[in-house]
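One-letter residues, chain by chain:
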Amino acid sequence: HRWVLSELSRFLPVDEVPNKMRKGGWSGYKFSMDIEGIGLIAWGGEQQRGTVSLSLMGGGCSTVFDWQGLQDWLEKHKAKLNRVDVAHDDFTGEHINIAWAIEQYQTGGFNNGGRAPKHQCFGSWLHLGSSEERKGLTINIGSRTSGKMLRVDQKGKQLGDETSPWVRAEV
C-alpha cells in the first residue's frame, strides 16, 4: 500500500491528510485504509490476485490536481472503473423533479430491451400534501446490481426545508 500512496501523491494530496488503517478489509480485500476527505484504498487477499482498489469520494475527486497524469497512470496499470456515481443538484427544481422521473418511467424512458426496470418509492407517497410528504419523496429507478440506477430525491425537504424546491438526481 505504501507504493500506491507514493504513486497517488503525484495526483492527490494523500500525504497531506491523515491516513488511517481500518480494522478489516473492504469489498473482498484483506486490508484497507481510509484517506481522510479523499476516499480509501484496499489491497491483499488471495482472490484479489495482486490488485489494489482505490475508491474516491466526490470530495476526493475535487482534490485531484493532475487528472491527465492520473488517467495516464491508471491506463499504464491497466486499471478499470467498476462504478462511477454522478449527482446533479437542481436547486430550483425546474429541470429535474419527481414528476419528471415518474413521467420518464411511465413513457418507457428507462426501458432496456423492451422491459421496464424495477423501481422503488420512499417517503410518504400515500400522504401527498400532508406534513409527512413535506419531508421529501424519493424514487429509485433501476438497481445497483444491474449497474444502472437513477435516484431522484427532494433533497432540500429531506434536509429539513419543507418548502425547498431543491432536487438531486444521482446515477
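Cut-offs and rules
Residues numbered from 1 in each chain as written. Predicted model: local features only at pLDDT ≥ 70, side-chain atom pairs only at ≥ 80, totals over all residues. Heavy atoms only, no water. Patch = residues over 30% accessible without salt bridge, like charges linked within 9 Å, V, L, I, M, F, W, Y side chains within 5 Å. Areas by Shrake-Rupley, 256 points an atom, 1.4 Å probe, with all protein chains shown as cover. Salt bridge = Lys/Arg side-chain N within 4 Å of Asp/Glu carboxyl O. Helix = DSSP H or I, 4+ residues; strand = E, 2+ residues; numbered from the N terminus. Contact = heavy atoms within 4.5 Å. Pairing = 2+ DSSP bridges. Axes fitted to C-alpha atoms, helices over the stretch in contact; angles between N-to-C directions. Core = buried A, V, L, I, M, F, W, Y, C linked by side-chain atoms within 4.5 Å. Buried < 20%, exposed > 50% of the residue type's maximum accessible area, 1.4 Å probe, protein only. Phe/Tyr/Trp six-rings, centres within 6.5 Å; stacked < 30°, edge-to-face > 60°.

Once that is clear, we can look at a nonpolar patch on the surface. Together, Leu81, Val84, Val86 and Val171 make up a nonpolar patch on the protein surface, roughly 410 Å² of accessible area in all. In this fold, Leu81 is placed in the loop between helix 3 (67-76) and strand 5 (87-90).

Now for the environment of Pro13. The topology assignment puts Pro13 in the loop between helix 1 (2-8) and strand 1 (19-21). As for Pro13 and Val52, which are separated by 39 residues in sequence, their C-alpha atoms are 19 Å apart. For Pro13, the residues in contact, after removing those within four places along its chain, are Ile38, Thr63 and Phe65.

Let us now look at the sheet that holds strand 8 (residues 148-153). In space, the five strands of this open sheet follow the order 5-9-8-7-6, with antiparallel pairing throughout. In the strand order of this sheet, the two ends are held by strand 5 and strand 6 (119-122), each with one partner. Neighbour to neighbour, the strand axes of the sheet diverge by 10 degrees on average, direction disregarded. Against the sheet, helix 4 (residues 98-106) makes contact with strand 6, strand 7 (138-143) and strand 8, and its axis sits at roughly 35 degrees relative to strand 7, the strand it touches most.

Moving on to the nonpolar core. Within the largest apolar cluster, 14 residues are counted, with the highest numbers of intra-cluster contacts made by Leu5, Leu8, Leu12, Val14, Ile35, Ile41 and Leu70. The set of elements that each furnish at least two residues to this core consists of helix 1, strand 2 (31-35), strand 3 (39-43) and helix 3. When residues of this core are assigned to their parent elements, the largest contribution, three residues, is made by helix 1. The next biggest cluster of nonpolar side chains, apart from the first, holds eleven residues, and it includes Ile96, Tyr105, Val152 and Val167.

With that settled, the discussion passes to the packing of aromatic side chains. Inspection of the entire model under this criterion finds three aromatic pairs. Each ring, one from Phe11 and one from Trp73, has its centre 6.1 Å from the other, and the planes form 45 degrees; the classification is tilted. Here Trp73 lies in helix 3 and Phe11 lies in the loop between helix 1 and strand 1, a separation of 62 residues in the sequence. Here Phe11 matches Trp73 in class, with each residue buried.

This part covers the sheet that holds strand 2. The strand order 1-2-3-4 describes an open sheet built from four strands, whose pairing is antiparallel. Of all the strands in the sheet, just strand 1 and strand 4 (52-56) have a single pairing partner and so form its edges. Here the average twist between neighbouring strands, direction ignored, is 20 degrees. Alignment of strand 2 against strand 3, held across five bridges, turns out to be antiparallel. Each bridged residue has a counterpart across the sheet, and for Ile35 the counterpart in strand 3 is Gly39.

On to unusual backbone geometry, then. The phi angle at Ser27 is positive, at roughly 50 degrees, despite the residue not being glycine. By the element assignment, Ser27 lies in the loop between strand 1 and strand 2. Of note in the backbone geometry, Lys78 takes a positive phi value of approximately 55 degrees without being a glycine. Checked against the element boundaries, Lys78 lands in the loop between helix 3 and strand 5. Judged by relative accessible area, Lys78 falls into the exposed class, the value being 75%.

Any functional reading would require information beyond the geometric quantities listed.
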